[in-house]
Every structure is written in structure tokens, then in C-alpha cells.
Amino acid sequence: MKLKSTLTSLALLMFATGAVSGQSTSNHGNKFEQLGPMLPGASPYRGMDGAPGPDYWQQRCDYDIACTLNAGEQRLHGEELITYHNQSPQSLNYLWLQLDENQHRGKLDNHHFNESSMQEIMNQQALYMLEQWKDLNEYGHNIEAITDAKGIPLDYTINQTMMRVELPQKLMPGQDFSFKVKWNYKLVPRTKGPWGRGGYEYFEKDGNYLFTISQWYPRLCVFNDAEGWQNHQFTGRGEFALTFGNFNVKMTLPDDYMVGSTGECQNYDKMLTPTQLKRWTQAQTATEPLEIVTLDEAVKNEQSSKRKKNKTWIYKAENVRDFAWTASRKFIWDAMPHYNENGQKAMCMSYYGKEAYPIYSRYSTKVVAHTLQTYSKFSIPYPYPVAISVEAASGMEYPMICFNFGRAEEDGTYTEGQKNGAISVITHEVGHNYFPMIINSDERQWSWMDEGLNTFVQFLALSEFDNNLEQRRGPAHKITDYMNMPPNQLEPIMTNSENIIEFGMNAYAKPATALNILRETIMGRELFDYAFKEYCRRWAFKHPTPADFFRTMEDASGVDLDWFWRGWFYGIDKVDIAMDSIAWHKVDLNNDPEKKTVTNTDRREKPSDDISKIRNRQSGMTFAVGKDPELKDFYSSYRPWETEDSVQTTTTHLYDMTLERAQKDSLFSKKNYYELFFHNKGGLVMPIILEWTFDDGTTEVERVPVEIWRKNENNVTKVFVKDKPVTSVRLDPFRETADVDETNNTRPMPTTPHLIKVYKENRQEEQLNPMQKAKGKIKP
């Protein structure tokens, strides 16, 4: 049911673009039309300008959680007190919670709804994966109890990864409801099998674990004005839609484990040694990353006796949409401060094992600080007190903490690719603090709104970190192989996360590339940066939709971008503008066009009655010219078809006024007229960018706005006037439009010009109008 608006939009798109079977289409009037009904209408909650409306609302949910990690059994036990604040104008009969760990259970649909096939030769792992689901039923949330705040049991229903909790009475607007959930689950081996996110990694050489605890507690689904409850199942692809709130979390685990977490630790004085606590204090003002737990201490801790004694870490986080944490005996921990433009401090920190020390000790925390600095410039000042990078042989993001990869070789060396990969993934995952942790879009429905926007700003941040760093997502020419794939392997960016074939290209690379093109080629940096920053400012700590983004970018820049959203986000066309041919023209300085006389005869016919005129008379309608004599003039009774005026003759003397040779020399001797013929082979309209090379070796870049295609979306012709002869001209010289075929971007220049004759003007014999003739005037 929630896909209804999306399906309606797609149907309207198909109609607007002539994709309906059997419907003929014009060569224009398609790609430049406004999105109109494809976007939701305005409401008191969301404006037509893309900003939150005057009555915008969103829910809030606070958590008080206590959990215990049994490291030896890899099992987590938890209890939580959830307080849900109904800030909507609707009353609620039930609440929906997410049980994301249930994704791993083998009996769920997501383990069975993908195609599979056999090959002539297959490895053992591939065959096992065909029936792996049979071994997965020990995983998933085990709900032990759900009660209200007083301990009275509540009814609930579990539907795969979603749980509906029945409220004892309607939760009215403005009311709160508190309830308790008790649960446990077995953690998954994160680095083995298709797990990806939270779980554990076991290090056989030293017998230690590295835990990444995420999607770990039953948590509220989003309820908002755009779609009601977002309770689509979590299948492992489309990530999360979450509600902002405050967290108070207690984690109990072995006392030789080091913990990093969302939020700020409330009891470092009890968790750290005096030496570590002193270093933590010194790190508050450090100018370089300072190790709070050193490499030597971490290695020594790896070899500890694995004591059974536990201790409890306490963390608090305010106004976050989620909470994640990590724990291991292996961690080195370093930190340094970063100050945003308002002077607010955030502690940039890294946790990593000895395997990552050569890369992470040098780069990780500094990359965290650089990411906050650059993302703040393009969005809003970083508002949280902490930003953490954890080396965990993966890539995943949560508020204030993220899990990344970046290990070196055993001998301490590393390749350039390993270093750049670590820098890139740290930038990307730390950047997710903005998209979607602060600008809180719905990842379950629209992966591109966090992954695509984040990958774009990652491209900007890495460009400022090292302009020579080779980036695979962002540059226009890097997306062409994907956009040139067969249509059946493509889908629009505006496609639900679950239905994408090439997920990395569609949700990450293509939207990042589109925004880079928008910034560099379509809008320009100044207009784009202002509008993008305005979007972030408007929707920080709120729930934006795609329409809010599209509208804000146009509203804040004054640039009509509907053609761009239609082509890049709602379509699968590719960019392939071909230069079909070139004609070179010059003025013939020696010869004039031959003078001619043309006579045109126009016979005035009696106007015919149409059905509306007939019915107007039959209805007895009175007409303004009949009621007011002052409105009548000579032409009210003029009937040329009844007189000799029924034939009108006009005589034009063509090319009658010519130019002197000296005039032609002065005006045209240096002018070269280059007529270029372009063909839009790919379907996606883009500006025409040309680089001219002249016979003196100089060059000129000329940009023709995309609107040149508005009256013919398939073929256009354009004449360019140059004062110097041209030796070559090339389309898209900087590879900035994502043109999939660069072989048709130039054509040989003609060796001799085509001469055209020029004249000054035509002369037309003056004619008497009917009123003059009636008054007896004669032709002068």
C-alpha cells in the first residue's frame, strides 16, 4: 500500500515520456516538462518549496537500556525501558518495532526470495550457500517479555523482522507511553558468511574477539506524515528508518575489554586506569592523535588471562536516531579534538587492533577530523561531541561511531591501495553521521538519499584531503560503463532499495556522479553549494523525502532542474551526444545574390460557421459588439469575399538592397560560420560543451545550455561564429557529462568553406489597407 504513490508516479512518468505501449510521441515536450504530479503535493507538514511546513511534526523515542555481553558464548542479553512520545496529530492503537537480528533466521523470506542457478563448475562454498539457511535458525531476537512500565504484560505479534506491540489504550496526540522489553540473541560471526554489519570477529592467532554491536536492541519504526508506519521488512539490503531520541545505556562485559560507543562515557574514572584517564584528559587539548591505550598495552591485554570479572560501562547520547558500540581486548585507542565553526568541540577517536596499527595510527583519527571539517563546510556544523572510527574489517555507520577496514600486511607494510581504501572508507562512514544520522532520510525506501548524497560529499572531502587521490565514484567518466549497460540490467535511481540489481552503482555511484555534474557543469559551485547547504540546514534532525531534496535544490538556487531529476533520477537513459557533421561557411565577398521579384496572392474566403458559433446563436446569446454601438467600425460590416477585395496581392523584391564590397570586407572577411549538427543518441539531454582549437594554436571552451534540446530532443543544429579559422572541435573535452561514447565527439573539419551570398534587406511594395481604399486613397 505504501508503494501506491511511487507506482502512481512511475505511471505518470511513463505517460509523460510516451512509454505507454502503442502511444506515439513528439520529438519534444517530454524531457523538459515539470515533474508536477510525480511529486507529492504540499501539506501543512511539507511545503512546495521543499522546507518543513508550519505544522511539521515527528515522533520521539527515548531508551534506557541495560545489557550484558557474554563474550565466551557470543550472546547478548538486554532489557530496555522505551518511552514513546506521540507528537503526531493522530491517535495510535499500536507501535511497530524493528527486530533486525531476525534477518539472520533461515526461515525468513529474505533467505529464499532471490534467484539461484547451477554452473558446470562450482566450489564447495557456492554449493553450501544454496542451503545455508538450514543452519541459521539459532540466530535472531528471542523476546523474553514485553510489559508496560508497571510490569503488566502487553500483547505483541512478531512478523519476521517487525514486531507490533498492542497499546492498552489509544495513545492520543501529545501523550507518552513507556514499556519494557527483555530479549537476548546469539551474535553472528560477522566476517564469515553474508552477515555484513553487527556481530563478532574471532582472531585465532591470539584467541580474542572484536565485537561490533549494532541493530541489537528492539527499536521503534518511524511513523511520519509521508507514509505512516515505515514497517517494511529488513532483508539486509535497504537499511534503516529510525526515530530521534535520547539514550542511557549500560553495557556489562569482561573487565579487560575496551569499549567505544555512540555518545559520551559517564564513568571513565571507573573504567580506565589512572594513566589512561590522565591521557584522556591530555587528549582534550592535543594537536595530534594521542594514544590513550598504546600499542604495547593492547598487545599485552590480548595475552591477558581472560578474567571472568565484569564491569559496567555507562554511556549517554542525546538526540540520536540509533545507538551502537564496540568492544575488544585488542584495541589501541587514540583521540584528538576537532572544533566546528561555532567553536563546539568533538573528540575524534579511533579504536583498532595491532593488525591495523601501521595505517590507522597515522591516518584514521586525522581523517575523522578532516571529514568533520569538510562535511561541516558543505552541510551544517558537526553537532555531536564524539566521532569514532573503528577498524573492524567492514564498513558500517551509526551515530558518532562507524566500523571500517584498513589492515596492513603482517610485516607492517601496506600497499597504496590499502592506505587509500582505508582513508576512503573512514571518510565515507564518518560522513554518514550527516547522511542519514542527522539529515535523517528513510534508508529502507531510498538508499540513494543517504548513500548517494554521502558518497558525493565523500568525493568533495577526499578531493580536499588529497587532490591526486584516485576516486572511483564521483567523476563523470567513471559512471559510463554502468549507464551503458543493457536496459534490463538498469533501473532508475528512484527505485526501492530491494529492487536494484547493481546496488553499488545505482545507490552510491550514479547519484554521487549526478550531484557532481550538477555542481560542476549545470549549476556551478556557488549556486549548488548554497542550495545543498540549505537542504541540510532545513532537514537536520528531521525526516526528508526525495521531493524535499529536489524542491529545496531548485527553491534555493533559482534553477529549474526538473529535466535533470527526470533524466538522472527517474530514468535509465544514457548520455551519448554525437557530433554528426560540421559545415564551414564564409561570406562570398565578390558576388551578390541575383535579384528576384515574388508576388503572393491571397484569396479571402467567407469564414465558416463552427458548432460553437451556431450554438451560441441558437441559445439567444447577446454579444458585446451588438449591445454597444461604439464597438462597431468599418470592419464590422466589411465582407471582402463579396467584393473585389476578395483577392489581395503582395509584391516583394528579394535581395533588392545589397552591400558594397568595402562594407562586406569590413563586416565579414574574418568571420567563419561553423554549422554543427548534433544527435542525442543516448536519450539523456545534457549541455553541449565544445572545445575549439584555432589555426594559431589557441583554444576556446564554449558551453551551450541544455535548453537547446527543448524543442527537439533528438537532433539540434547550432551555428557558431568565429573570427579565426578552426582546425578542430571536440565535444565534452573535460569528460564532465558522462558521455558513454567519446568516439563520436568530434568530426573532421571541412578543408574549404562553403560560400554564402549576403545582402542588406528585401523591399516590399506598400499596399493600401481596405479602410484606405474605402476612403478613396490611392497608392503613393
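Residues numbered from 1 in each chain as written. Predicted model: local features only at pLDDT ≥ 70, side-chain atom pairs only at ≥ 80, totals over all residues. Heavy atoms only, no water.

Visitor: Sorry if this is basic, but what is going on with the overall build of the protein chain here?
Guide: Helices and strands together make up the secondary structure of the protein chain, namely 17 helices and 33 strands. The C-alpha atoms of the protein chain give 35 Å as radius of gyration, which overshoots the globular expectation for 780 residues (28 Å, by more than 25%). Once the C-alpha set of the protein chain is aligned to its principal axes, its extents read approximately 120 × 75 × 65 Å. Expressed as a percentage of its 780 residues, the buried residues of the protein chain come to 51%. In the protein chain, the share of contacts with a sequence separation of at least 24, taken over all contacts with a separation of at least 6, comes to 76%. Surface accessibility of the protein chain: about 36600 Å² in total, with carbon and sulfur atoms responsible for 49%. Seen as two clouds, the 89 positive and the 104 negative side-chain charges of the protein chain have centres 2 Å apart. (Helix = DSSP H or I, 4+ residues; strand = E, 2+ residues; numbered from the N terminus. Rg over C-alpha atoms; globule rule 2.2 N^0.38 Å. Buried < 20%, exposed > 50% of the residue type's maximum accessible area, 1.4 Å probe, protein only. Contact = heavy atoms within 4.5 Å. Areas by Shrake-Rupley, 256 points an atom, 1.4 Å probe, with all protein chains shown as cover. Lys, Arg positive; Asp, Glu negative; His and termini not counted. Charge placed at Lys NZ, Arg CZ, Asp CG, Glu CD.)

Visitor: I'm lost on the confidence of the model for the protein chain in this one. Help?
Guide: Interpretation of the predicted coordinates at a detailed level should be avoided for regions scoring low in pLDDT. Averaged over every residue, the pLDDT of the protein chain is 93; residues scoring 70 or more account for 96%. Every residue in residues 1-21 is under pLDDT 50, and counting partners more than four places away or in other chains gives 25 contacts. (pLDDT = per-residue confidence, 0-100.)

Visitor: Sorry, what's going on with the sheet that holds strand β4 (residues 142-148) here?
Guide: As a general point, the strands of a sheet are linked pairwise by backbone hydrogen bonds and lie either parallel or antiparallel. Pairing is mixed across the open sheet formed by 7 strands, whose spatial order is β4-β7-β2-β1-β13-β17-β15. Sheet topology places β4 and β15 (264-265) at the edges, where each strand pairs with a single neighbour. As paired strands, β15 and strand β17 (residues 310-320) are joined by 2 bridges and run antiparallel to one another. Residue pairing in the sheet places Glu264 in a bridge with Lys316 of β17. (Pairing = 2+ DSSP bridges.)

Visitor: Looking at this structure, how should I read the nonpolar core?
Guide: Across soluble globular proteins, you tend to see nonpolar side chains buried next to one another. Of all hydrophobic cores here, the largest spans 190 residues; its most connected members are Trp216 and Trp325. Excluding residues that lie within four positions of it along the chain, Trp216 makes contacts with Ile65, Cys67, Leu76, His141, Trp183, Tyr185, Val249, Phe323, Ala324 and Trp325. (Core = buried A, V, L, I, M, F, W, Y, C linked by side-chain atoms within 4.5 Å.)

Visitor: I keep staring at the sheet that holds strand β25 (residues 596-603) and nothing clicks. Help me out?
Guide: In space, the 3 strands of this open sheet follow the order β25-β26-β33, with antiparallel pairing throughout. Only two strands of the sheet have a single partner each, and these edge strands are β25 and β33 (761-764). The sheet shows a mean angle of 25° between the axes of neighbouring strands, taken without regard to direction. Of the pairings in the sheet, the one linking strand β26 (residues 647-657) to β33 comprises 3 bridges and is antiparallel in character. Note on β33: the bridge partner recorded for Thr652 is Gln764. (Axes fitted to C-alpha atoms, helices over the stretch in contact; angles between N-to-C directions.)

Visitor: Can you help me understand the pairing of strand β5 (residues 156-159) in this one?
Guide: Residues in a regular strand point their side chains to alternate faces of the sheet. Two strands pair when backbone bridges link them, and β5 and strand β6 (residues 162-171) are joined in this way by 4 bridges, in the antiparallel orientation. By the bridge assignment for β6, Thr157 is matched with Arg164. Counted along the chain from β5 to the antiparallel partner β6, the turn is 2 residues long, and its residue Gln160 has a positive phi close to 55°.

Visitor: What is the right way to read the packing of aromatic side chains from this model?
Guide: Each pair of aromatic rings is reported with the distance of its centres and the angle of its planes. Tallying each qualifying case throughout the model produces 61 aromatic pairs. Taken together, a centroid distance of 5.5 Å and an interplanar angle of 40° make the contact between Tyr268 and Trp333 tilted. Of this pair, Tyr268 sits in helix α3 (residues 268-271) while Trp333 sits in strand β19 (residues 332-339), placing them 65 residues apart in sequence. Seen from their ring centres, Trp565 and Phe569 are 5.5 Å apart, and the 75° between their planes marks the pair as edge-to-face. With a gap of 4 residues between them, Trp565 and Phe569 both fall in helix α13 (residues 562-569), about one helical turn apart. Of the two residues examined, Trp565 and Phe569, each falls in the buried class. (Phe/Tyr/Trp six-rings, centres within 6.5 Å; stacked < 30°, edge-to-face > 60°.)

Visitor: Whenever I open this one, the side chain of Glu239 confuses me. Can you help?
Guide: Mapped onto the fold, Glu239 is located in the loop between β12 (228-229) and β13 (245-254). Excluding anything up to four places from it in sequence, Glu239 contacts Arg197, Phe234, Met396, Glu397, Glu443, Arg444, Asp450 and Glu451.

Visitor: Please explain helix α6 (residues 357-378) as it appears in this structure.
Guide: Residue pairs three or four apart in sequence face the same way in an α-helix, which turns once every 3.6 residues. When the terminal C-alpha atoms of α6 are compared, their 31 Å separation across 22 residues agrees well with the 32 Å that a helix rising 1.5 Å per residue should span. Residue Tyr363 marks the point of greatest curvature in α6, where the axis turns by about 40°. (Expected span 1.5 Å × (residues − 1). Bend = angle between axes of the 7 residues up to and from the residue.)

Visitor: Where do I start with the side chain of Asp100 in this structure?
Guide: Within the fold, Asp100 resides in the loop between β3 (92-98) and α2 (124-129). Note on Asp100: relative accessible area 2%, which makes it buried. A distance of 2.9 Å separates the side chain of Asp100 from the side chain of Arg219, its partner in a polar contact. (Polar contact = N/O pair within 3.5 Å; in protein donor to acceptor, adjacent residues only side chain to side chain.)

Visitor: It is not clear to me how the packing of α6 against helix α8 (residues 448-465) should be interpreted in this structure. Could you clarify?
Guide: The angle between the axes and the distance between the axes are what describe a pair of packed helices. The interhelical angle for the contact between α6 and α8, taken along N-to-C directions, is 115°, at an axis separation of 9 Å. Between α6 and α8 lies a crossing of right-handed hand. On α8, the residues touching Val367, His370, Thr374, Tyr375, Lys377 and Phe378 of α6 are Asn454, Val457, Gln458, Leu460, Ala461, Glu464 and Phe465. Each residue belonging to the contact of α6 with α8 can be placed in one class, and the counts come to 7 nonpolar, 4 polar and 2 charged. (Left-handed = near helix turned anticlockwise from the far one by under 90°. Nonpolar A, V, L, I, M, F, W, Y, C, P; charged D, E, K, R; others polar.)

Visitor: Explanation requested: helix α7 (residues 416-431) in the structure shown.
Guide: Helix length check: α7 (16 residues) gives 22 Å between terminal C-alpha atoms against 22 Å at 1.5 Å per residue, within 8%. When α7 is considered as a whole, its buried residues turn out to be Asn420, Gly421, Ala422, Ile423, Val425, Ile426, Thr427, His428, Glu429, Val430 and Gly431. Of the surrounding secondary structure, the elements contacted by the buried residues of α7 are α6, β21 (386-391), β22 (396-398), β23 (401-404), α8 and α10 (503-522).

Visitor: What am I meant to see in the environment of Asp322 here?
Guide: Assignment of secondary structure puts Asp322 in the loop between β17 and β18 (325-328). Classification of Asp322 by relative accessible area gives buried; the value is 2%. In the structure, Asp322 is positioned 78 residues away from Met400 in sequence and 9.6 Å away in space, judged by C-alpha atoms. In this view, Asp322 contacts Tyr217, Arg219, Leu242, Phe247, Thr262, Tyr398 and Pro399; residues no more than four positions away in its chain are not counted. Among the polar contacts made by the side chain of Asp322, one reaches the side chain of Tyr217 at a distance of 2.6 Å.

Visitor: Mind showing me how you'd approach unusual backbone geometry here?
Guide: Glycine aside, the phi torsion of most residues is negative, and most peptide linkages are trans. Cis geometry is adopted by the peptide bond preceding Pro436, which originates at Phe435 and carries an omega value of 15°. Along the chain, Pro436 falls in the loop between α7 and α8. Even without being glycine, Gln215 reaches a positive phi, approximately 50°. Its place among the elements puts Gln215 in the loop between β9 (208-213) and β10 (219-220). Not every positive phi belongs to a glycine, and Met400 is a case in point at roughly 70°. Owing to a relative accessible area of 1%, Met400 belongs among the buried residues under this scheme.

Visitor: What exactly am I supposed to notice about the packing of helix α11 (residues 525-539) against helix α12 (residues 546-557) here?
Guide: Relative orientation of the contacting elements α11 and α12 amounts to 130°, with a least axis distance of 8 Å. Taken as axis vectors, α11 and α12 run oblique relative to one another. Crossing handedness for the pair α11 and α12: right-handed. Two secondary-structure elements touch here, α11 through Leu527, Phe528, Tyr530, Ala531, Phe532, Glu534, Tyr535, Arg538 and Trp539 and α12 through Asp548, Phe549, Thr552, Met553, Asp555, Ala556 and Ser557. In terms of residue class, the contact of α11 with α12 is built from 10 nonpolar, 2 polar and 4 charged. (Parallel < 35°, antiparallel > 145°, perpendicular 65-115°, else oblique.)

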